[in-house]
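Chain by chain, the residues:
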Amino acid sequence: MRILAFILTFCLLTSFQSQQEKTILDYATNQSDFEIIQTANNGAFVSSFANKMLHDSKLEITIKAKKSHANKNSYNQNVYTRIHMWQFNFETKEKRKQATDLLLNCFPNDCFKIKRQIDQKIKITPSIWIFTDKSIFIAQTACEQVDDKWIKIKNGFINTFADNNSEIIVTECGKLTWTTKEKM
């Protein structure tokens, strides 16, 4: 009987370890085409709701492409794609919803009021917003820095952090779209 109890306890503990919280730091570290260059001071993009202090914890990181690119977005100038990422964790689902409501009432950068599940044109840079039960994950870059590396990061970010019930906002230069993991 003791052996059975030990095996069940061991299985339970290993199942908790395998479901460890995913973080943007882990995600950024695994991006072989990028290097981590900064872990703070990019908060202006998320300040509309981040300053309300509803979150329990916040992670912030910036990655930079190891190789430059030039395309029409960069006006054919060589640029290094930089991607800023944030992770806000909340104690309860209700606090996360409250933070989401604050965000929707003052969406970056121009404090634009947006409505749930309605695609619209707004002044914004490319970004991804993933709303899970108790977290908000965000990745953002500049219009001039969009290339195939951003597309790869965007898809990987959604696959890593979104679940089947997540609401997702994807923005492009001047356009906001609501989507789901399934549609991506």
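Residues numbered from 1 in each chain as written. Predicted model: local features only at pLDDT ≥ 70, side-chain atom pairs only at ≥ 80, totals over all residues. Heavy atoms only, no water.

Draft legend 1. Just the overall build of the chain, in detail. Of the regular secondary structure elements, the chain holds five helices and seven strands. Residues counted as buried form 43% of the 184 residues belonging to the chain. Residue pairs at least 24 apart in sequence account for 67% of intrachain contacts in the chain once pairs closer than 6 positions are excluded. Total accessible area on the chain stands at roughly 10800 Å², and carbon and sulfur atoms take up 51% of it. (Helix = DSSP H or I, 4+ residues; strand = E, 2+ residues; numbered from the N terminus. Buried < 20%, exposed > 50% of the residue type's maximum accessible area, 1.4 Å probe, protein only. Contact = heavy atoms within 4.5 Å. Areas by Shrake-Rupley, 256 points an atom, 1.4 Å probe, with all protein chains shown as cover.)

Draft legend 2. Inspection of the state of the cysteines at higher detail. Tallied over the entire structure, the rule returns two disulfides. Between the sulfur of C143 and that of C173 lies a disulfide, 2.0 Å long from S to S. Disulfide C143-C173: the torsion about the S-S bond is -135 degrees, which places it as left-handed. Here C143, found in the loop between strand 5 (135-140) and helix 5 (148-161), pairs with C173, found in the loop between strand 6 (167-172) and strand 7 (175-179); they are 30 residues apart in sequence, far enough to count as distant. Along the chain, the cysteines that take part in disulfide bonds pair up as 1-2, 3-4, counted in sequence order. (Disulfide = S-S within 2.5 Å.)

Draft legend 3. Examining the pattern of salt bridges more closely. Within this structure, the stated rule accounts for six salt bridges. Notably, a salt bridge pairs E60 with K58, separated by 3.4 Å at the nearest N-O pair. The buried category is assigned to E60, whose relative accessible area is 11%. Across the pair R116 and D101 runs a salt bridge, and its minimum N-O distance is 3.4 Å. Residue R116 is found in the loop between helix 4 (93-105) and strand 4 (127-131), and its partner D101 is found in helix 4; the two are separated by 15 residues along the sequence. R116 gets classed as partly exposed once you look at its relative accessible area, which sits at 35%. (Salt bridge = Lys/Arg side-chain N within 4 Å of Asp/Glu carboxyl O.)

Draft legend 4. Fine view of the packing of aromatic side chains. The final tally for this structure, using the stated rule, is five aromatic pairs. Measuring from centroid to centroid gives 4.9 Å for F157 and F161, while their planes differ by 65 degrees, and the two rings are edge-to-face. Of this pair, F157 and F161 are both found in helix 5, four residues apart, which corresponds to roughly one turn of the helix. We note that F157, like F161, is buried. An aromatic cluster is present here, built from Y27, F137, F157 and F161 joined pairwise through their rings. (Phe/Tyr/Trp six-rings, centres within 6.5 Å; stacked < 30°, edge-to-face > 60°.)

Draft legend 5. Region of interest: the confidence of the model for the chain. For the chain, the mean per-residue pLDDT works out to 84, and 82% of the residues sit at or above 70. Ignoring residues within four places in sequence, the model shows residues 4-19, a span with pLDDT below 50, making zero contacts including any to other chains. (pLDDT = per-residue confidence, 0-100.)

Draft legend 6. Main features of the side chain of R96. Relative to the helices and strands, R96 resides in helix 4. Setting aside chain neighbours within four positions, we find R96 in contact with F90, F131, T132, D133, K134, S135 and I136.

Draft legend 7. Focus on helix 4. Relative to the 18 Å expected for 13 residues at 1.5 Å per residue, helix 4 spans 18 Å between its end C-alpha atoms, a close match to the ideal helical length. The complete set of buried residues in helix 4 reads R96, A99, T100, L103 and L104. Summarising the axial view, the buried residues of helix 4 lie within an arc of 140 degrees, below the 170-degree limit, and thus occupy one face. (Expected span 1.5 Å × (residues − 1). Arc of directions from axis to C-beta.)

Draft legend 8. Region of the structure containing the nonpolar core. By size, the foremost hydrophobic cluster in this structure holds 22 residues, and its most contacted members are I83, M85, I128, I130 and F157. Contributing elements (two or more residues each) for this core: helix 2 (24-29), strand 2 (57-65), strand 3 (82-89), strand 4, strand 5, helix 5 and strand 6. With five residues, helix 5 is the largest single contributor of residues to this core. Excluding its chain neighbours within four sequence positions, the residues that come into contact with F157 are I24, Y27, M85, I128, I130, F137, I138, A139 and A162. (Core = buried A, V, L, I, M, F, W, Y, C linked by side-chain atoms within 4.5 Å.)

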